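Commentary on secondary and tertiary structure
The primary structure of each chain is shown beneath.
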Amino acid sequence: MRNILTIMRREFKAYFVSPVAYVILASVLFILGLFFYGMVEAYSRYSLQLAGNPMYAGQINLHDFVIRGFYSTFGFIMLFVAPIVSMRVLAEEKRQGTAEMLLTSPVTTSQLVVGKYLGALSFGLFLILITLQYPLFLLFMGARPELPALLAAYVGSVLLLGALLAVGLFSSSLTSSQIVAAVIAFVLSLFLWVIGFLGEIVGQGSEYSDLLKALSINEHFEEFLKGVVDTGAVVFFLTFIAFMLFMTQRVVDSSRWR
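A brief report on the enclosed structure follows.

So, on to the packing of aromatic side chains. Under the criterion given, the structure shown has 18 aromatic pairs. An angle of 70° between the planes, with centres 5.8 Å apart, marks the rings of Phe-16 and Tyr-22 as edge-to-face. For Phe-16, a relative accessible area of 23% gives the class partly exposed. In this structure Tyr-22 comes out as partly exposed when scored by relative accessible area, which is 46%. Counting every residue linked through ring pairs, the aromatic cluster contains Phe-36, Phe-70, Tyr-71, Phe-74, Tyr-134, Phe-137 and Tyr-154. Positioned above the aromatic ring of Tyr-15 is the side chain of Arg-88, whose terminal nitrogen or guanidinium carbon lies 5.3 Å from the ring centre.

Written as structure tokens, this is what we have:
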């Protein structure tokens, strides 16, 4: 366990040595800020328009209009951010020639993979943590977001980002080029995101449609955005993360044997 924590701390600190982490944080906050402002402004405008008509006043909901839309946007942005965050984790070790030293050290492959993954996930959790300013802004302005629904959105965001980083870690283990690793991770993540839409094209109710939707990370992420922590979605994400870490371990093991 100590080896895992040591690797995790080393990876987390490595993000802040280069300006990449600060560029990612600033870019994500800027883009999310624009979307959040637009959603809040639109919600305020529609609320004022409907306030004069009691029949329609209950048709607009803060969670559906702002919270759900905001974290749906956050999830989509993570498709681009997660490959950048994870591209250097193992690829950089190969490029610098330090992978051989790690592979011949007393650290096991499982400890190496889990430690690297937790380091990237720690940075991802830090990124999610700073988005708390947006619901806090709503509270400051007098709005009352539904706390259970907000917590469900955060649980879904953590699991989604964890899954995308696991894909990025696997991609980073395949090559010594960070750019190639980022491209592979993005393509795989995008495929897992849109596969649910392919299910709609195949046809509602068919066995292939249900299978494709069951494999879609977006379909499971949307369950959390509805305000409910779905047990099936939690199991899916945890199983998917474990599978990707296992595949990464097998790739690293093959390098160790070579």
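Quick look at the side chain of Asn-218 now. Its location among the elements puts Asn-218 in helix H12 (residues 217–225). Using a relative accessible area of 8% as the deciding quantity, one classes Asn-218 as buried. Aside from chain neighbours lying at most four places away, what touches Asn-218 is Leu-192, Trp-193 and Phe-197.

Attention now moves to the pattern of salt bridges. Applying the stated criterion across every chain, the model contains five salt bridges. Between Arg-88 and Glu-11 there is a salt bridge, and its shortest N-O distance comes to 3.2 Å. Taken together, the residues Arg-88 in the loop between helix H4 (62–86) and helix H5 (91–96) and Glu-11 in helix H1 (residues 2–15) connect sequence positions 77 residues apart. With respect to burial, Arg-88 and Glu-11 carry one shared label: buried. A salt bridge links Glu-222 to Arg-68; the shortest N-O distance between them is 3.6 Å. On the criterion of sequence distance, the pair formed by Glu-222 in helix H12 and Arg-68 in helix H4 is long-range, its members being 154 residues apart. Where salt bridges share partners, they join Arg-10, Glu-11, Arg-88 and Lys-116 into one cluster.

What follows deals with the nonpolar core. One finds Tyr-71, Met-78, Val-81, Tyr-117, Ile-217 and Phe-237 to be the most contacted residues of the largest nonpolar core, which totals 63 residues. Among the elements that make up this core, the one with the highest residue count is helix H9 (residues 147–172) (13 residues).

Turning to its location among the elements, Ser-189 is positioned in helix H10 (residues 178–202). Classification of Ser-189 as buried rests on a relative accessible area of 2%. Those residues in contact with Ser-189, other than ones at most four positions away along the chain, are Leu-79, Leu-164, Val-167 and Ile-217.

What counts and what doesn't
Residues numbered from 1 in each chain as written. Predicted model: local features only at pLDDT ≥ 70, side-chain atom pairs only at ≥ 80, totals over all residues. Heavy atoms only, no water. Phe/Tyr/Trp six-rings, centres within 6.5 Å; stacked < 30°, edge-to-face > 60°. Buried < 20%, exposed > 50% of the residue type's maximum accessible area, 1.4 Å probe, protein only. Lys NZ or Arg CZ within 6 Å of the ring centre and 35° of its normal. Helix = DSSP H or I, 4+ residues; strand = E, 2+ residues; numbered from the N terminus. Contact = heavy atoms within 4.5 Å. Salt bridge = Lys/Arg side-chain N within 4 Å of Asp/Glu carboxyl O. Core = buried A, V, L, I, M, F, W, Y, C linked by side-chain atoms within 4.5 Å.

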